[in-house]
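Single-letter residue listing:
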Amino acid sequence: KSMGWKKLFFEGKVPDWFSFEIVSTGGDMHFYIRTLEDNRNLVETQIFSQYPDAEIKIVDDYVTELPANLPSDEYDLFGTELIFTKENAYPIKTHPFFEEESGKDEFKRTDPLAPLAEAMTALGPGEHLWLQLVARPTGDEWTKTAKAVVDTIVGKKPKPPEPDVFSKTVGGLFQQLPLGGSATPKKEEKKNNDEFNTQKLTPGQKFLLDQVEAKIAKLAFKAGYRFLYIARKDAFIKGRVSAVIGMFKQVYSYNMNTFKPNGDTVTKADGWFKWLFPSDRGFFADQQEYMRKYRVFRKYKQRGFVKKPVILNTEELATLFHLPGINVKAPFFPRVQAKKGQPPAGLPTL
């Protein structure tokens with residue numbers, strides 16, 4: 001539920017958001033959820049409802065294990081925030097698609113996080129890979145633009161915007177003026193919207209229309225994805241970044257959505273007048289890169305909201321953050337070796 005303007009204006013209150021994080025430190029992979037204490041019980045009950053055998057505990061912030069400010073003389077990093085390649089109305093490929101492609105069997109099912117688990121558990125000492133998905137509730141205002149995308153798919157002409165009060169007033173005055181001449185009424189244009197027929201759509205258009213409408217029908221959240229790869233300078237491997245970006249390519253399907261780095265947040269800078277230099281690195285390129293790295297690391301530590309949020313519904317969120325199934329066999333992937341049960345009823349006590 002969105003905040004009322006009074007709480008926003010007088011109290012500075014904004015909607016609470018959650019931070020869902022997948023972290024690997026030297027190949028040791030963990031899942032974290034950062035939330036306010038008031039929401040702790042809600043988070044735990046929701047996890048146990050889907051994963052009854054999961055273990056949940058409060059831990060110290062893993063971010064504090066590294067220097068307070070990065071980059072440093074010892075550590076370097078790459079980071080960015082991710083944005084959609086298309087409009088918010090277009091969905092990403094979600095877990096039902098992976099189930100249809102590989103079957104319902106838990107041991108055969110393809111998990112969208114399996115490639116990520118492989119990449120994260122392959123890290124060596126001194127390497128850190130952090131993924132952070134921040135999300136908060138949003139209203140239904142975004143559905144107006146989403147419905148415009150639906151109209152575009154089906155070939156409907158967009159409706160002209162409603163004139164404001166000033167335009168209506170001025171327009172009414174001009175209509176009353178005797179300008180002379182014979183006004184010929186315009187013939188009413190044929191309304192193509194009423195004549196639209198879904199049978200005219202190609203199979204690809206029909207599939208896309210169904211997916212967009214399905215996304216609009218589900219509860220949506222304003223969200224953002226960012227990731228950091230941090231490593232000691234002697235252990236820094238640029239290929240780790242490509243592996244993470246490649247993971248997001250698999251959530252793309254025919255004419256739908258996927259993620260790409262937000263160029264305004266990527267920790268790579270060209271500097272000023274780069275065209276003057278053979279290296280394509282202009283004036284102050286190093287200083288710009290340092291500030292970009294410093295800012296993205298600080299925003300990650302603060303769990304700050306992203307610059308350009310996207311809209312994800314519940315199904316998309318579950319695809320991007322969930323505990324992988326037993327079919328994920330990545331090395332060093334943490335598993336609970338023993339199940340904890342409740343004490344038997346009637347157990348005598350001292």
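Check the entry above for the structure.
A brief report on the enclosed structure follows. Note that this is a predicted model, so its numbers are computed, not measured.

Conventions and cut-offs
- Residues numbered from 1 in each chain as written.
- Predicted model: local features only at pLDDT ≥ 70, side-chain atom pairs only at ≥ 80, totals over all residues.
- Heavy atoms only, no water.
- Helix = DSSP H or I, 4+ residues; strand = E, 2+ residues; numbered from the N terminus.
- Buried < 20%, exposed > 50% of the residue type's maximum accessible area, 1.4 Å probe, protein only.
- Contact = heavy atoms within 4.5 Å.
- Areas by Shrake-Rupley, 256 points an atom, 1.4 Å probe, with all protein chains shown as cover.
- Salt bridge = Lys/Arg side-chain N within 4 Å of Asp/Glu carboxyl O.
- Core = buried A, V, L, I, M, F, W, Y, C linked by side-chain atoms within 4.5 Å.
- Expected span 1.5 Å × (residues − 1).
- Arc of directions from axis to C-beta.
- Pairing = 2+ DSSP bridges.

1. What to know about the overall build of the protein
- Secondary structure summary: the protein contains 10 helices and 7 strands in total.
- Looking at the protein residue by residue over its 350 residues, the buried ones come to 37%.
- When contacts within the protein are restricted to residue pairs at least 6 apart in sequence, those whose partners lie at least 24 apart make up 80%.
- Carbon and sulfur atoms make up 56% of the accessible area of the protein, which totals about 22,400 Å².

2. With respect to the pattern of salt bridges
- This model, assessed by the stated rule, comprises 14 salt bridges.
- Across the pair D61 and R34 runs a salt bridge whose closest N-O atoms are separated by 3.7 Å. Taken together, the residues span a long stretch of sequence, with D61 in the loop between α2 (40-50) and β3 (75-84) and R34 in strand β2 (residues 28-34) at a distance of 27 residues.
- The partly exposed category is assigned to D61, whose relative accessible area is 23%.
- On the basis of relative accessibility, which here comes to 42%, the residue R34 falls in the partly exposed class.
- In this structure, the salt-bridge partner of E315 is K218, at a minimum N-O distance of 3.9 Å. Taken together, the residues E315 in helix α10 (residues 314-320) and K218 in the loop between α7 (203-217) and β5 (220-232) connect sequence positions 97 residues apart.

3. With respect to the nonpolar core
- Judged by nonpolar contacts, the single largest core of 33 residues is most densely connected at L131, F248, F259 and L312.
- Elements supplying a minimum of two residues to this core: β3, α4 (114-121), β4 (127-137), β5, α8 (239-249), β7 (310-313) and α10.
- It is β5 that provides the largest number of residues to this core, a total of 6 residues.
- Dropping the residues within four chain positions of it, L312 is found in contact with F84, L133, L219, A220, F221, A223, F259, L317 and L320.

4. Some details on α7
- With 15 residues, α7 should cover 21 Å at 1.5 Å per step; its first-to-last C-alpha distance of 21 Å lies within 8% of that length.
- Within α7, the full set of buried residues consists of G204, L208, L209, Q211, V212, K215 and I216. Taken down its axis, α7 places every buried residue within 165° of arc, on the same side. Turned more than 90 degrees off the buried face of α7, the exposed positions are P203 and A217.

5. Overview of the side chain of N262
- The residue N262 is located in the loop between β6 (259-261) and α9 (285-302) in this model.
- N262 gets classed as buried once you look at its relative accessible area, which sits at 2%.
- In contact with N262, not counting residues within four places along its chain, are T80, E81, L82, I83 and K308.

6. Quick look at unusual backbone geometry
- In this structure, P71 follows L70 across a cis peptide bond, with omega equal to 0°.
- Within the secondary structure, P71 is located in the loop between α2 and β3.
- Here F284, not a glycine, exhibits a phi torsion of approximately 60°, which is positive.
- Counting through the fold element by element, F284 comes out in the loop between β6 and α9.
- In this structure, R303 takes a positive phi of about 55° despite not being glycine.
- For R303, the position within the fold is in the loop between α9 and β7.

7. Focus: α9
- With 18 residues, α9 ought to run about 26 Å at 1.5 Å a step, and its terminal C-alpha atoms sit 26 Å apart, in line with that.
- The complete set of buried residues in α9 reads A285, E289, K293, V296, F297 and Y300. Along the axis of α9, the buried positions cluster into a sector of 100°, meaning they face one direction only.
- On its buried face, α9 is in contact with β1 (18-25), β3, β4 and β5.
- Just downstream of α9, R303 is the residue with a positive phi angle, here 55°.

8. A look at the pairing of β2
- Pairing between β1 and β2: 7 bridges, direction antiparallel. Bridging across to β2, S19 finds its partner in R34.
- As consecutive antiparallel partners, β1 and β2 are separated by 2 residues, and within that stretch G26 has a phi angle of approximately 60°, a positive value.

9. Some details on the environment of M256
- Mapped onto the elements, M256 comes out in the loop between α8 and β6.
- On the basis of relative accessible area, M256 is assigned to the buried category, the value being 0%.
- Separated by 48 residues in sequence, M256 and L208 have C-alpha atoms that sit 7.2 Å apart.
- With residues near it in sequence (within four places) discarded, M256 still touches K86, P91, I92, K93, F97, F207, L208 and Q211.

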